[in-house]
2 protein chains.
Amino acid sequence: MADDERVELIDLVQANDLTGIRLWLAEHPPYEIADELARMDSHLAIVPFRLLDKDRELEVFEELDPQQQQEILVGLRDSAFRELIEQMDPDDRARLIGEAPAKIATRALAGLSPAERRMTAALLGYPEGAVGRYMTPETVILHRDLLVGRALEVVRAKGAEAETVYTLPVVDDGRRLAGTVQLSDLVVNSADTPLKDVVDVFAPRVRATEPAEDAARLMQEANLVALPVVDSEDRFVGLLTFDDALELIEAADSEDIARQSGASPVTGHYAAVGVLRLARARSVWLLLLIVTSTLTVNVMQGFEGVLKEVTALALFVPMLTGTGGNVGSQSATAIVRALAVGEVRIRDLPRVAWKESRVGLLLGLLLASIALLIGSFLVGGRIAVAVALSVTAVCTWAAIIGSSMPLLARRAGVDPAVVSAPLVSTLVDATGLLIYFSIARAVLGI
Amino acid sequence: MADDERVELIDLVQANDLTGIRLWLAEHPPYEIADELARMDSHLAIVPFRLLDKDRELEVFEELDPQQQQEILVGLRDSAFRELIEQMDPDDRARLIGEAPAKIATRALAGLSPAERRMTAALLGYPEGAVGRYMTPETVILHRDLLVGRALEVVRAKGAEAETVYTLPVVDDGRRLAGTVQLSDLVVNSADTPLKDVVDVFAPRVRATEPAEDAARLMQEANLVALPVVDSEDRFVGLLTFDDALELIEAADSEDIARQSGASPVTGHYAAVGVLRLARARSVWLLLLIVTSTLTVNVMQGFEGVLKEVTALALFVPMLTGTGGNVGSQSATAIVRALAVGEVRIRDLPRVAWKESRVGLLLGLLLASIALLIGSFLVGGRIAVAVALSVTAVCTWAAIIGSSMPLLARRAGVDPAVVSAPLVSTLVDATGLLIYFSIARAVLGI
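Residues numbered from 1 in each chain as written. Chains lettered and ligands numbered in written order. Predicted model: local features only at pLDDT ≥ 70, side-chain atom pairs only at ≥ 80, totals over all residues. Heavy atoms only, no water.

Any chance you could break down the overall build of chain A for me, citing the residues and the numbers?
Regarding its fold elements, chain A presents 24 helices and 6 strands. Expected size for 446 residues packed as a compact globule is a radius of gyration near 22 Å; at 29 Å, chain A overshoots this value by more than 25%. Taken along the three principal axes of its C-alpha coordinates, chain A extends 90 × 60 × 40 Å. Long-range pairs, those at least 24 residues apart, make up 66% of the contacts in chain A between residues at least 6 apart in sequence. Counting every atom, chain A has about 17,900 Å² of accessible surface; 56% of that belongs to carbon and sulfur. Side chains of chain A give 41 positive and 60 negative charges; the mean places of these two sets differ by 6 Å. (Helix = DSSP H or I, 4+ residues; strand = E, 2+ residues; numbered from the N terminus. Rg over C-alpha atoms; globule rule 2.2 N^0.38 Å. Contact = heavy atoms within 4.5 Å. Areas by Shrake-Rupley, 256 points an atom, 1.4 Å probe, with all protein chains shown as cover. Lys, Arg positive; Asp, Glu negative; His and termini not counted. Charge placed at Lys NZ, Arg CZ, Asp CG, Glu CD.)

I'd like to hear about the packing of aromatic side chains, residue by residue, with values.
Centre distance and the angle of the planes are the two values used to describe a pair of aromatic rings. Evaluated as defined, the whole model comprises 8 aromatic pairs over all chains. Here A:Tyr166 and B:Tyr166 contribute two aromatic rings whose centre-to-centre distance is 4.1 Å and whose plane-to-plane angle is 25°, an arrangement assigned as stacked. With one member in each of two chains, A:Tyr166 in the loop between helix H12 (148-158) and strand S2 (167-171) and B:Tyr166 in the loop between helix H12 (148-158) and strand S2 (167-171) form a pair that bridges those chains. Through pairs of rings, three or more aromatic residues link up here, namely A:Phe303, A:Tyr436 and A:Phe437. Between the NZ or CZ atom of A:Arg107 and the centre of the ring of A:Phe81, over which it lies, the distance is 3.8 Å. (Phe/Tyr/Trp six-rings, centres within 6.5 Å; stacked < 30°, edge-to-face > 60°. Lys NZ or Arg CZ within 6 Å of the ring centre and 35° of its normal.)

Which residues make up the UniProt feature "domain: CBS" (unreviewed entry) in chain A, and what are the values?
Residues and elements named next belong to chain A. Within the UniProt annotation, "domain: CBS" (unreviewed entry) is assigned to residues 135-197 and 198-257. What you have in residues 135-197 is 32% helix and 21% strand, and the ends, taken at the C-alpha atoms, are 27 Å apart. Along residues 198-257 one finds 47% helix and 22% strand; the C-alpha atoms at either end are 42 Å apart. (UniProt positions renumbered as here; feature names shortened; annotations may be inferred.)

Describe the domain arrangement of chain A, naming the residues involved and giving the relevant values.
When the parts of a complex come together, some accessible area is lost, and that lost area is often used as the size of the interface. Assigned domains of chain A: these are domain 1 (3-129), domain 2 (142-249) and domain 3 (293-444). Each of domain 2 of chain A and domain 3 of chain A has a C-alpha centre, and these two points are 51 Å apart. (Domains from an automatic or database assignment.)

Which residues make up the UniProt feature "transmembrane region" (unreviewed entry) in chain A, and what values do they have?
Mapped onto this numbering, the UniProt entry gives "transmembrane region" (unreviewed entry) at residues 359-379, 385-409 and 421-444 of chain A. With 100% helix and 0% strand, the stretch residues 421-444 of chain A has end C-alpha atoms that lie 33 Å from each other.

Describe the environment of B:Glu304, naming the residues involved and giving the relevant values.
Its place among the elements puts B:Glu304 in helix H19 (residues 304-309). Leaving out residues up to four positions away in the same chain, B:Glu304 has contacts with A:Thr311, A:Ala312 and A:Leu315.

Outline a nonpolar patch on the surface, listing residues and values.
All names here are of chain A. A contiguous nonpolar surface patch, about 220 Å² in accessible area, is contributed by Leu372, Val385 and Leu389. Within the secondary structure layout, Leu372 lies in helix H22 (residues 349-378). Since its relative accessible area comes to 34%, Leu372 is described here as partly exposed. (Patch = residues over 30% accessible without salt bridge, like charges linked within 9 Å, V, L, I, M, F, W, Y side chains within 5 Å. Salt bridge = Lys/Arg side-chain N within 4 Å of Asp/Glu carboxyl O. Buried < 20%, exposed > 50% of the residue type's maximum accessible area, 1.4 Å probe, protein only.)

Tell me about the sheet that holds strand S4 (residues 206-207) of chain B, and name the residues and values.
Taken together, the 3 strands give an open sheet; going across it, the order is S4-S5-S6 (chain B), and neighbouring strands pair in mixed fashion. Each of the sheet's edge strands pairs with one partner strand only, and the pair in question is S4 and strand S6 (236-241) of chain B. (Pairing = 2+ DSSP bridges.)

Now, about the sheet that holds S2(A): what can you tell me, with residues and values included?
Sheet architecture is open: 3 strands sit in the order S1-S2-S3 (chain A), paired in mixed fashion. Either end of the sheet is taken by a strand with one partner, and the two such strands are strand S1 (142-143) and strand S3 (177-182) of chain A.

Just give me the short version of the nonpolar core, but keep the residues and values in it.
Counting 112 residues, the largest nonpolar core has A:Leu313, B:Leu313 and B:Phe437 as its most contacted members. Look past the residues within four positions of B:Phe437 in its chain and what remains in contact with it is B:Met300, B:Phe303, B:Leu307, B:Leu313 and B:Val317. Counting residues in hydrophobic clusters, the runner-up holds 94 residues, among them A:Leu195, A:Val229, B:Tyr134 and B:Val140. (Core = buried A, V, L, I, M, F, W, Y, C linked by side-chain atoms within 4.5 Å.)

Go over the side chain of A:Asp253 with me, naming the residues and quoting the values.
Position of A:Asp253 relative to the elements: it lies in helix H16 (residues 242-260). In this view, A:Asp253 contacts A:Arg217, A:Arg337, B:Asp253 and B:Arg337; residues no more than four positions away in its chain are not counted.

Describe the interface of chain B and chain A, and please don't skip the residues or the numbers.
At the junction of the two partners, chain B supplies 119 residues and chain A supplies 118 residues. Around 10,700 Å² of area is buried between chain B and chain A when both sides are counted, 63% of it from carbon and sulfur atoms. Linking chain B to chain A there are 12 salt bridges. With a shortest N-O distance of 3.1 Å, A:Arg345 and B:Glu8 are connected by a salt bridge. Taken together, the connections running from chain B to chain A amount to 39 residue pairs in polar contact (both at pLDDT 80 or more). At 15 residues, the largest contribution of residues to the side of chain B that touches chain A is made by helix H21 (residues 317-340) of chain B. Looking at side-chain class alone, the side of chain B that touches chain A contains 64 nonpolar, 27 polar and 28 charged residues. (Buried area = accessible area lost by both parts, 1.4 Å probe. Polar contact = N/O pair within 3.5 Å; in protein donor to acceptor, adjacent residues only side chain to side chain. Nonpolar A, V, L, I, M, F, W, Y, C, P; charged D, E, K, R; others polar.)

Printed below as a string of structure tokens:
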């Protein structure tokens, strides 16, 4: 959206134009400033960061990734460091400390006031990726015996310190969650209405130890601004807010997309990630796949006699493996996404495989007709027939493989997104060649 | 998440167990009911839908896709049809009518009360995909000269009819947007505070004609519960709410993911989409790609003499094209995603291509060493060297192609997501073979 922007912050920083930087900062909202800082190396980013006024400094800081936050912190004086950490939201702080090297983490915890340190330690007690790490404990809690008017007064008195007051947790004497009430309900209803009459006891809730991504998808499905989080005894411990849910979903989608291409997810802004880290994230699967692709060499070797006799068969190998890989990748991608958004479940496996095999057969027939044309024109008659038959068979086979593997992965407890397009292509390559040469041998009678 | 559920609604519907259905419906929230209905054929889905009580009927209906809503509507009696349409939120209704066949659209508009019809017609005036189609016009508007206490009274009086009251638009005499105020600010501040003192005049706003996806991503970046929408003269016309933003982002991500695998996006629940529609969505690119892959046949033909002389060279063709395709797909996927979430811009092209070429070279060297091992073991010496050199060159080349194409597409005004993994693989296949055979000829001296 900002493609036509005239002056870029990084140019001002590189020119060390302090007045220009101050002007630029004054004209941009915190999230855009954070976005620009994320693009820079940390030794550059610290320059405009230090020029921010106190309030905006915190806002910008909270928009950054934990990785970038660490780099900024390293460049700050001790007092500025302490102040920043103390003012952060407890959930953001817990995430930063949880991911930081021990040296920064200790320095951060040591500088905190006792109350803030307690809150942070509690959040850090939850496993990585759990809702507990992402929820905010700073909420206004209402007792269910209150009247609406009194409840509104509680919000008025304590609301300024809470991260959100739109969805309010309602609890019983044992701090057990009775349900939630919307701030709008408190405003719209008359002051003497019992809170019990407006509380939504069926409001969804999650355990603090559950995966944060699942909680975020639940919020999306149920259209919630905030989701109450409880401990194992159903006591209220915090709220997951919609902005954290949005971030979780974006991160989860980015991860799935990266995995789908056979790369490990890389956290952090693309522009700020180094060549080595990118290469490392992509290398694992590539290594595994090139070793697996030895299978294709073996299959080709097994049919070397056939190849020697009819060299023309080799001409269609890239077209055939390419097409099979494409059809298989499409099926795999469709099913991985359907699993991620909850449209398909493990028990649908037979139905899904049956459906995809028909889709694959249809596509195979369509593509085979093109292959027949191309083949007849380039090499003629029987080889073209062998190629066309192989395309049909390979497409059907690829669709079955591509659609069942993600479901089998999920059943085995593995993230279905590891069934990447490259993985499916590589497997289809080897088996597809086997199909091709077998059909060719039969058709050509060799 | 619901993999271990015991009774499934579809089983009850197929058994026509009305009591069982009623019980199941009573025990599940609207979004879960909608999810189950979305999995069924419409002639089945109508059965449980008719058994819902009035309130929940509307909630469930609004959770369905426009496609599914149409199918449900067709199965309803006229009075039920009219009532449902009348009670829908204006933005959901506009989307339904905008996508429905003329017959259903006319019937829906005809049944509306004049006020609701006016609102719907206004939303339908915006182009498809524009924010105007997704915003809600049902809001509480505050005049900027009010005091906080009076503003809260306005919310109290009119809030019940609005879709959201958490972010409130503040306007001047000409209905021009002065800014927004948060409901929490009204609650926390004293009644005699002028609204002017708490209004956020820097709150982001968008034009009703802007793309809805961009607006949703802006809300995500700026952590907004609702985003005010204005017309060309800066007059307030509606609010985009976070639940619509979440849906827009999920839909956009699903589309990108489908395109990335070389398929057109298919709207609607996977389980409810037929084989023919799936095949059609995937066929366009496959046809284009198989025609493009004729290039690989041409390249192979051009080197048929070399192949006849050294058949062993053919053995490594699938491994080489596969590896090149994988590296290219990874680069393309990374850049398409970085573009979608705004981490990379068109003007970054040289920087991105330079970075990816280094990533590709590193990966190429790593994979070449494996290829050298495999090659030496299977065919020995010089061919192995030719394969290893080719792997290095092809990986570097693939990373450059894969990373620049999405940026070039964006510059040409095309959705970068069309630069799918299959497209990159196919292009890399043909050029990669050219590189391979040229290197082989040089190394083997033929």
